[in-house]
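# Fold and geometry: a report
The residues making up each chain are set out below.
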Amino acid sequence: AQKVTQAQTEISVVEKEDVTLDCVYETRDTTYYLFWYKQPPSGELVFLIRRNSFDEQNEISGRYSWNFQKSTSSFNFTITASQVVDSAVYFCALSGYGTASKLTFGTGTRLQVTL
Amino acid sequence: SQTIHQWPATLVQPVGSPLSLECTVEGTSNPNLYWYRQAAGRGLQLLFYSVGIGQISSEVPQNLSASRPQDRQFILSSKKLLLSDSGFYLCAWSVGRGHGYTFGSGTRLTVV
């Protein structure tokens, strides 16, 4: 069975601070995919990133960066110089490689960025 | 390009009334389709998924059912709603094999 754990329920930071959202996963699959989604107050899920289990290179996209460490089964997400618009719930998720693979979500981390 | 439509956006229904939420996908064939529910302040729970017309897999026992009458249409139903059915329902599609999942805009259901 697959499991995703986001231990941080809620994080509050002041604008311009850096913040890291933790994600730990469990799977027996050798090939799998990890995702991060952002859910703003409007509710829709906004795709941020997808990584496959064979690519452990860290990725940076603007103020966002992701650290994938297979040895610790973690896929952490860092926002540099946070902004108020970053306030949202962030979900980490995991899927297998099969044609009928399902996406398993963590419980989410609510990020509140204040001025 | 592929798009996913989900409606209605919000719904308030009395306890015991029926439910029908519809999701349609455009621009792709034979997608995997999924229904997720998010209870207030909680994570997303997979309710049903479908890999083809008429093929429905249920992830959790519940008061809801799903149907896929056409390749790109996925319907979530209930004969009699319970208060516990309240939540935010999201439809999603994927072609599997690690490809991304695209989500609809969601339906916020309140059972009163």
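An account of the accompanying structure is given in this report.

The rules we used
Residues numbered from 1 in each chain as written. Chains lettered and ligands numbered in written order. Predicted model: local features only at pLDDT ≥ 70, side-chain atom pairs only at ≥ 80, totals over all residues. Heavy atoms only, no water. Helix = DSSP H or I, 4+ residues; strand = E, 2+ residues; numbered from the N terminus. Rg over C-alpha atoms; globule rule 2.2 N^0.38 Å. Buried < 20%, exposed > 50% of the residue type's maximum accessible area, 1.4 Å probe, protein only. Contact = heavy atoms within 4.5 Å. Buried area = accessible area lost by both parts, 1.4 Å probe. Salt bridge = Lys/Arg side-chain N within 4 Å of Asp/Glu carboxyl O. Polar contact = N/O pair within 3.5 Å; in protein donor to acceptor, adjacent residues only side chain to side chain. Nonpolar A, V, L, I, M, F, W, Y, C, P; charged D, E, K, R; others polar. Phe/Tyr/Trp six-rings, centres within 6.5 Å; stacked < 30°, edge-to-face > 60°.

## Points about the overall build of chain A
When its secondary structure is counted, chain A shows zero helices and 12 strands. The order of helices and strands in chain A, counted from the N terminus, is β-β-β-β-β-β-β-β-β-β-β-β. Compactness check: chain A gives a C-alpha radius of gyration of 14 Å against a globular reference of 13 Å for 115 residues, within 12% of the reference. Over its C-alpha atoms, taken along the principal directions, chain A stretches across nearly 45 × 30 × 20 Å. Considering chain A as a whole, with its 115 residues, one finds that 46% of them fall into the buried category.

## What to know about the overall build of chain B
For chain B, the count of helices and strands is zero helices and 11 strands. Each helix (α) and strand (β) of chain B, taken in turn from the N terminus, gives the series β-β-β-β-β-β-β-β-β-β-β. For 112 residues, the compact-globule estimate of 2.2 N^0.38 gives 13 Å, and the C-alpha radius of gyration of chain B, at 13 Å, lies within 12% of that figure. If one aligns the C-alpha atoms of chain B with their principal axes, the spans along those axes are about 40 × 25 × 20 Å. By residue count, 48% of the 112 residues in chain B fall in the buried class. Of the contacts formed within chain B by residues at least 6 apart in sequence, a portion of 54% connects residues at least 24 apart.

## Remarks on the interface of chain B and chain A
Each partner contributes to the interface: chain B provides 23 residues, whereas chain A provides 22 residues. Roughly 1800 Å² of surface becomes buried between chain B and chain A when both sides are summed, with 55% attributable to carbon and sulfur atoms. Run the count over chain B and chain A and you get one salt bridge. For lysine 102 of chain A, the salt bridge is made with glutamate 59 of chain B, and the minimal N-O distance between the two is 3.3 Å. Linking chain B with chain A are six residue pairs in polar contact (both at pLDDT 80 or more). Taken together, the residues that form the side of chain B that touches chain A break down as 11 nonpolar, eight polar and four charged.

## Here we look at the pattern of salt bridges
Should the charged atoms of two oppositely charged side chains come close, the side chains can pair. Applying the stated criterion across every chain yields a total of six salt bridges over all chains. Of the charged contacts in the structure, one is a salt bridge between aspartate 55 of chain A and arginine 51 of chain A, with a shortest N-O distance of 2.8 Å. Between arginine 37 of chain B and aspartate 85 of chain B there is a salt bridge, with the nearest N and O atoms lying 3.8 Å from each other. Residue arginine 37 of chain B is located in strand 4 (residues 32-38), and its partner aspartate 85 of chain B is located in the loop between strand 8 (73-78) and strand 9 (87-94); the two are separated by 48 residues in the primary sequence. Among the residues examined, arginine 37 of chain B registers a relative accessible area of 14% and is labelled buried. Look at aspartate 85 of chain B and you get buried, because its relative accessible area is 3%. When salt bridges that share partners are traced, they join Arg51, Asp55 and Glu59 of chain A into one network.

## A closer look at the packing of aromatic side chains
Residue and element names in this part refer to chain A. Taken as a whole and judged by the stated rule, the model has 22 aromatic pairs over all chains. Both rings, one in tryptophan 36 and one in phenylalanine 77, keep their centres 5.3 Å apart while their planes meet at 50 degrees; by these two values the pair is tilted. Placement of the pair is tryptophan 36 in strand 5 (residues 33-39) and phenylalanine 77 in strand 9 (residues 74-79), with a sequence separation of 41 residues. For tryptophan 36, a relative accessible area of 0% translates into the label buried. Residue phenylalanine 77 is classed as buried on the basis of its relative accessible area, which comes to 0%.

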